[in-house]
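Okay, here's what each chain looks like letter by letter:
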Amino acid sequence: LQYAPKPHFVLVPFMAQGHTIPMIDMAHLLAKHGAMVSFITTPVNASRIQSTIDRARELSIPIQFVPFQLPCAEVGLPDGCENVDKVLEKDQVKKMTDAYSMLHKPLVLYLREQSIPPSCIISDLCQPWTGDVARELGIPRLMFNGFCAFSLLCRYLIHQDKVFEDVADGNEFVVLPGFPHHLEVSKARSPGNFNSPGFEKFSKKILDEERRADGVVTNTFHELEPLYVDAYQRRIGKRVWTIGPMFLCNTDTSIIADRGAKASVNEKHCMEWLDSMQDGLVLYISFGSMARTVVSQLEEIALGLEASKRPFLWVIKSDDRPTEINNLLPEGFEERTRSRGLVIQGWAPQAMILSHPSVGGFLTHCGWNSMIEGISAGLPMITWPHCAEQFLNEKLIVNVLKVGLAVGVQNITHRTMKPHEIHVVKRDQIERAVVELMGEETGAKERRMRAKELKEKARKAIDEGSSYSNIRQLIEYISSRGTQTDVQ
Ligand code: UDP
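About the thresholds
- Residues numbered from 1 in each chain as written.
- Predicted model: local features only at pLDDT ≥ 70, side-chain atom pairs only at ≥ 80, totals over all residues.
- Helix = DSSP H or I, 4+ residues; strand = E, 2+ residues; numbered from the N terminus.
- Rg over C-alpha atoms; globule rule 2.2 N^0.38 Å.
- Buried ≥ 20, exposed ≤ 12 C-beta atoms within 10 Å, placed from the backbone.
- Contact = placed C-beta atoms within 7 Å.
- Expected span 1.5 Å × (residues − 1).
- Arc of directions from axis to C-beta.
- Pairing = 2+ DSSP bridges.
- Axes fitted to C-alpha atoms, helices over the stretch in contact; angles between N-to-C directions.
- Right-handed = clockwise from strand over helix to strand, strands pointing away.
- Left-handed = near helix turned anticlockwise from the far one by under 90°.
- Nonpolar A, V, L, I, M, F, W, Y, C, P; charged D, E, K, R; others polar.
- Near = placed C-beta within 6 Å.
- pLDDT = per-residue confidence, 0-100.
- Core = buried A, V, L, I, M, F, W, Y, C linked by C-beta atoms within 7 Å.

1. Quick look at the overall build of the chain
Scanning the chain for helices and strands turns up 20 helices and 17 strands. Taken over the C-alpha trace, the chain has a radius of gyration of 22 Å; the compact-globule value for 488 residues is 23 Å, and the two agree within 12%. With the C-alpha coordinates aligned to their principal axes, the bounding extent of the chain is approximately 70 × 55 × 45 Å. Out of the 488 residues in the chain, the part that is buried amounts to 47%. In the chain, the proportion of contacts linking residues at least 24 apart, taken out of those at least 6 apart, comes to 71%.

Structure representation (structure tokens):
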């Protein structure tokens, strides 16, 4: 017997862009610190990030992307349903999670055959079956949850104390017991943890495996929210490895640009357009990978932006809408805003855009990846949460860190809702928020100043601060557990 030369981490993301992107960043971060990584994926998901895979190979980064065929037919899913954005019905999401759990056997077999045996599995909260795989292989399983510590703590307390058990109205606010300060939460604006009918077993498995996990890995950094990181760690009674902002470990723009999907815009054209704008004046608008904006809302956003008279770069998701986006926007909008506006239909190289000096603000749906990217770029933000934990993230950004300005969304605007149920934010609300965020009033300047300070802290955390020492400690901890391998 001999000890493996370097620790071998097996990463198993949940297949939705907001979950896979941070795990790709994690793979690079681990590799940069001397670990080897197997990144588990599927053919459809791998094809989306082909250029990232090719680039890692070109640069001899020790990450192997391992595509497993998902048994879609066996669970009654159409072929190729391998990513959450391919399945719209809840019933199909359930089937997809079943299909992933069927990768248990093939994954164990594959990992047993590796010349460098696996030392640790880091898997998404939503891939709880990987806990059994880790136990079968006798290695630790760390759980990755792409929330910030503020929202992780809220989620934990909400489930632990069954806070909403006796609350009939989803919009009723209740005080969250055990939180470090006064905080009111409502069921409709909290992460659901798959608690809808049909998901009982899956949800229970998630919670069980969360309890059994050997630790939690998150994409935040201690200096950003020490109160909540410490409180969360105390509550769950296990190590929380804060190692973010993970994407900052990459300096190669070709890795950062296409790590979610191939951009729908010519990146050079996009950067040249930004180059032509004045520093700090462009507002970037994007609602992440999942949200789809109803036409009536697109119109209000367009007219709000137009009235604000500010330069903007607006990303509109359109993959389920073959129509040219201009046909959905108010007549003449494109001509009237041509000199100061760029609309991207589809996928934008967001992390690159945010770090361009011309960008001075971010209108965001408050997905945590977007928020941490915005924080890393030193940007003040207009917050427009849609669903899940995004309303909690908004509280951290607006009330605690004070770098955000709420546009004033009152209800969830999730894409599974019927269009008539969606609360449309009016153009004058949007105009007011844009003018206030991008303006020169004292509040705006202070927000900008605080955002710049957070940018410095983020960079420092990953280069030499808490996240740097945490990733090193994590690798040492896993190495010291000594994975053993047979010498042939
Ligand atoms: N993203 C991107 N281009 C797009 C839309 C999203 O690069 O056009 C990336 C974004 O940079 C972030 C992730 O996709 O890393 C979205 O994750 P987030 O948590 O913000 O939101 P979700 O998509 O999960 O709602």
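Now, onward.
2. A closer look at helix α5 (residues 90-101)
Taking 1.5 Å of rise per residue, the 12 residues of α5 would be expected to cover 16 Å, and the 17 Å separating its terminal C-alpha atoms lies within 8% of that figure. Along α5, the residues classified as buried are Val93, Met96, Thr97, Ala99 and Tyr100. Down the axis of α5, the sector holding all buried residues measures 155°, keeping them to one side. Against α4 (72-75) and α9 (200-212) lie the buried residues of α5.

3. Quick look at the sheet that holds strand β3 (residues 36-41)
What links the strands of a sheet is backbone hydrogen bonding, and the strands pair in either a parallel or an antiparallel sense. Overall, parallel pairing links the 7 strands, which are arranged β4-β3-β2-β5-β6-β9-β10 in an open sheet. Edge positions in the sheet fall to β4 (63-67) and β10 (240-242), since each has one partner strand and no second. In this sheet, neighbouring strand axes are inclined to one another by 25° on average, regardless of whether the strands run parallel or antiparallel. Of the strand pairs in this sheet, strand β6 (residues 141-144) and strand β9 (residues 215-218) are connected by 3 bridges, and their pairing is parallel. Looking across to β9, one finds that Phe144 is bridged to Val217.

4. Regarding the pairing of strand β12 (residues 312-316)
Burial analysis of β12 places 5 of its 5 residues in the buried class, which makes it a mostly covered element. Of the two faces of β12, both are covered, the one formed by Phe312, Trp314 and Ile316 as well as the one formed by Leu313 and Val315. Viewed along the sheet, the connection from strand β11 (residues 282-286) through helix α13 (residues 295-308) into β12 turns out right-handed. Note that β12 and strand β13 (residues 341-345) share 5 bridges and pair parallel. Residue pairing across strands places Leu313 opposite Leu342, the latter belonging to β13.

5. Digging into the packing of helix α6 (residues 104-112) against helix α7 (residues 130-137)
Put simply, α6 and α7 touch, their axes get as near as 10 Å, and they point 35° apart. The interaxial crossing formed by α6 with α7 has right-handed handedness. Contacts between α6 and α7 involve His104, Leu107, Val108 and Leu111 from the first element and Asp132, Val133, Glu136 and Leu137 from the second. Within the contact of α6 with α7, the residues separate by chemical class into 5 nonpolar, 1 polar and 2 charged.

6. Focus: the site of the ligand
Around the ligand sit 18 residues in total, of which Gly18, Gly288, Ser289, Gly367 and Ser370 are the nearest. Breaking the shell around the ligand down by element, the ones donating at least two residues are α1 (17-32), α15 (350-354) and α16 (368-376). The biggest single contributor to the shell around the ligand is α16, with 4 residues. In terms of residue class, the shell around the ligand is built from 7 nonpolar, 10 polar and 1 charged.

7. Concerning the pairing of β3
Along β3, 6 of the 6 residues are buried, which leaves the element largely enclosed by surrounding structure. Every second residue of β3 is oriented toward a common face, with Met36, Ser38 and Ile40 on one face and Val37, Phe39 and Thr41 on the other, all of them buried. As judged from the 4 bridges shared by strand β2 (residues 8-12) and β3, these two strands associate in the parallel manner. By the bridge assignment for β3, Val10 is matched with Ser38.

8. A look at the environment of Lys90
Tracing the backbone through its elements, the reader meets Lys90 in helix α5. According to the C-beta neighbour criterion, Lys90 is partly exposed, with 14 such atoms within 10 Å. The spacing of Lys90 and Pro197 is 107 residues in sequence and 9.6 Å in space, taken between C-alpha atoms. When sequence neighbours within four positions are dropped, the list of residues in contact with Lys90 reads Ser196 and Gly198.

9. Brief notes about the confidence of the model for the chain
Looking at the chain as a whole, its pLDDT mean stands at 92, while 94% of the residues score no less than 70. Prediction confidence for the complex, expressed as pTM and ipTM, is 0.95 and 1.00 respectively.

10. As for unusual backbone geometry
Going from Gly244 to Pro245, the amide bond is cis rather than trans, its omega being -5°. Of note, Pro245 is situated in the loop between β10 and α11 (253-257). Residues other than glycine seldom take positive phi values, yet Ala388 does so here, at roughly 50°. A positive phi angle, near 55°, is found at Lys402, a position not held by glycine. The topology assignment puts Lys402 in the loop between α17 (390-400) and β16 (404-406).

11. Description of the sheet that holds β12
As summarised here, the arrangement of the 6 strands in space is β13-β12-β11-β14-β15-β16, forming an open sheet in which the pairing is parallel. Edge positions in the sheet fall to β13 and β16, since each has one partner strand and no second. Between one strand axis and the next, the sheet turns through 20° on average, direction left out of account. Alignment of strand β15 (residues 381-383) against β16, held across 3 bridges, turns out to be parallel. When the bridges of β16 are listed, Ile382 appears paired with Leu405.

12. Side note on the nonpolar core
Formed by 138 residues in total, the largest nonpolar core has its most connected members in Leu11, Ala27, Val37, Ile122, Tyr284 and Ile382. When residues of this core are assigned to their parent elements, the largest contribution, 7 residues, is made by α1.

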